[in-house]
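# Structural description and commentary
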Amino acid sequence: MKNKMICSQLISVPPNQAPAIHAAHHPCYQDDYQRLHHLYHSLQPGKAVKKDGLIIEKMPFHSEHALVTKTQPDYTMNRSFKALFQYYLAQNTYSNQYIFKSLQVSDADVLENQNFQLILLRPSSEFPIRKVIVMLHGLNEKSWDKYLPWANDLVRRTGAAVLLFPTAFHMDRAPETWSSPKLMRQVAKERESLFPEVTHATFANAAISHRLQFAPERFLTSGIQTYHDIISLSWQIRGGQFSYIDKDADIDFFGYSAGAFLGEILMMASPSQLFDGSKLFMFCGGATMNQTHPVSKMILDSEASESLTVYLDSFERQGHHTPLPMESHLFFKAMLHESQNPEFRAKRFAEIGARIFAVGLENDTVIPAEAIKRTITVPGEQIQNMTHLDFDHPYTHENPFPVVEKYKSDIQKSFEQVMTLAADFYL
């Protein structure tokens, strides 16, 4: 018989006791999900609210790296293709109006991507916080809802501040229309008319699929902008710009899915030695790009995935350059394909491996656990910081902890299993 999980409220601990906030019983994941959902969506930008020993706030952030994303589809090289595509857009108004905007707007001019809100969860302690965990999400995410219980649990277990950092053109760094089911259903229909053999085309992935289909370099440029944004954030912390965070606080990372890939590049490159002491916990991520399978109703449709694969293969073979510093560029290239400079990649993982912990899921078909293992394992050495898990309830890569009443007890057990591994690793 499976153990019945007991749900309870957070119990506050005076700040002069342990740095972490502990409870007699773990809060119920599904109750926390609903509570934090309502709390977050009622929170105004630039405001904070305190509840149950937790402070959650939205803080404005300005990206100074928008010029990296000046990408827009280039139709000038082939006049016939340009004419055909302009004809297509003239006949498919939703794609034209809500995605391409008559071919005039560069990504660098998307204002939502330059000025946005960071979400910070922290314990209600009066003392400066000595650890910050930057949480990095997956590809094509539009809402922080599923991450809020993860962040809250890490705050409670570790006493750290958890900062939810959005990738460029994700979450609220994208126009609201890209998340509109009504509008994006029309874009998905238009994609199906353009590509009759497309699979997994849905309103949820229509915007990113359309954008990456015709400019797959956006995958790279948005990642580079986010990379530089996180470095800027880290310098702000080191500069003492957060009154409740110690300027010498540990800066660690929690990377889920594509966020794990970004976390690896940050850890491997460690610009200006910023992350030489950082830790990275990877959940459902960490494999080289060629070992990931993003075709999903929630991530990319088949045509966009194929376009991205062709672009990344070409990038790897032809030695393209990026706006990244040379060392960061080399690490990025080494993570595109498992056969690309494996000795270079293995050497770096041998150096930082003790500061990385990975959790893969047995039934994950997007980023298989074995692919993660092959990527971070150093030949000839026994891997220490990785585990495979398989939950006793239905789950997917995109939704490892579904909010389903029928499996509430099993989901609670799975959630606590993963978060205990993460908290123990950070502490």
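To start, this report covers the structure provided alongside it.

The rules we used
Residues numbered from 1 in each chain as written. Predicted model: local features only at pLDDT ≥ 70, side-chain atom pairs only at ≥ 80, totals over all residues. Heavy atoms only, no water. Helix = DSSP H or I, 4+ residues; strand = E, 2+ residues; numbered from the N terminus. Buried < 20%, exposed > 50% of the residue type's maximum accessible area, 1.4 Å probe, protein only. Areas by Shrake-Rupley, 256 points an atom, 1.4 Å probe, with all protein chains shown as cover. Pairing = 2+ DSSP bridges. Patch = residues over 30% accessible without salt bridge, like charges linked within 9 Å, V, L, I, M, F, W, Y side chains within 5 Å. Salt bridge = Lys/Arg side-chain N within 4 Å of Asp/Glu carboxyl O. Lys, Arg positive; Asp, Glu negative; His and termini not counted. Charge placed at Lys NZ, Arg CZ, Asp CG, Glu CD. Expected span 1.5 Å × (residues − 1). Axes fitted to C-alpha atoms, helices over the stretch in contact; angles between N-to-C directions. Contact = heavy atoms within 4.5 Å.

The helix and strand tally for the chain stands at 13 helices and 9 strands. By the burial criterion, 58% of the 427 residues in the chain qualify as buried. On the chain, roughly 18900 Å² of surface is accessible, and the fraction owed to carbon and sulfur atoms is 52%.

Here we take up the pairing of strand E8 (residues 356-361). Counting buried positions over the 6 residues of E8 gives 6, a clear majority of the element. Burial along E8 is two-sided: Ile356, Ala358 and Gly360 and Phe357, Val359 and Leu361, pointing in opposite directions, are all buried. The sheet contact formed by E8 and strand E9 (residues 386-389) spans 4 bridges and is parallel. Residue pairing for E9: alanine 358 is matched across the bridge by methionine 386.

Moving on: a negative patch on the surface. On the surface, Glu362, Glu370, Asp390 and Asp392 cluster together into a negatively charged patch. When you line up the elements, aspartate 392 lands in the loop between E9 and helix H13 (408-426).

Our focus in this paragraph is helix H7 (residues 218-238). For H7, with 21 residues, the first-to-last C-alpha span of 30 Å sits near the 30 Å given by 1.5 Å per residue. At the exit of H7 stands glycine 240, carrying a positive phi of roughly 75°.

Further remarks concern the pattern of salt bridges. In the structure shown here, the tally under the stated rule is 18 salt bridges. A salt bridge links aspartate 52 to arginine 35, with the nearest nitrogen and oxygen atoms 3.4 Å apart. Highlighted residues: aspartate 52 in the loop between strand E1 (48-51) and strand E2 (54-62) and arginine 35 in helix H1 (residues 29-41), separated in sequence by 17 residues. Owing to a relative accessible area of 27%, aspartate 52 belongs among the partly exposed residues under this scheme. The class of arginine 35 is buried, set by a relative accessible area of 18%. Because the salt bridges share partners, they merge into one network encompassing Asp32, Arg35 and Asp52.

Ordered by their spatial adjacency, 9 strands build an open sheet running E1-E2-E3-E5-E4-E6-E7-E8-E9, and the pairing between neighbours is mixed. What marks the edges here is a single partner per strand, and that holds for E1 and E9. Looking at each pair of strands side by side, their axes are set apart by 20° on average, direction ignored. Sheet analysis places strand E3 (residues 115-123) next to strand E5 (residues 161-165), joined by 3 bridges and oriented antiparallel. Across the sheet, the residue bridging to leucine 120 is leucine 163, located in E5. Sheet strands in contact with helix H8 (residues 258-269) are strand E4 (129-136), strand E6 (245-256), strand E7 (280-283) and E8, and its direction is about 135° off that of E6.

These results come straight from atomic positions and should not be treated as a statement about function.
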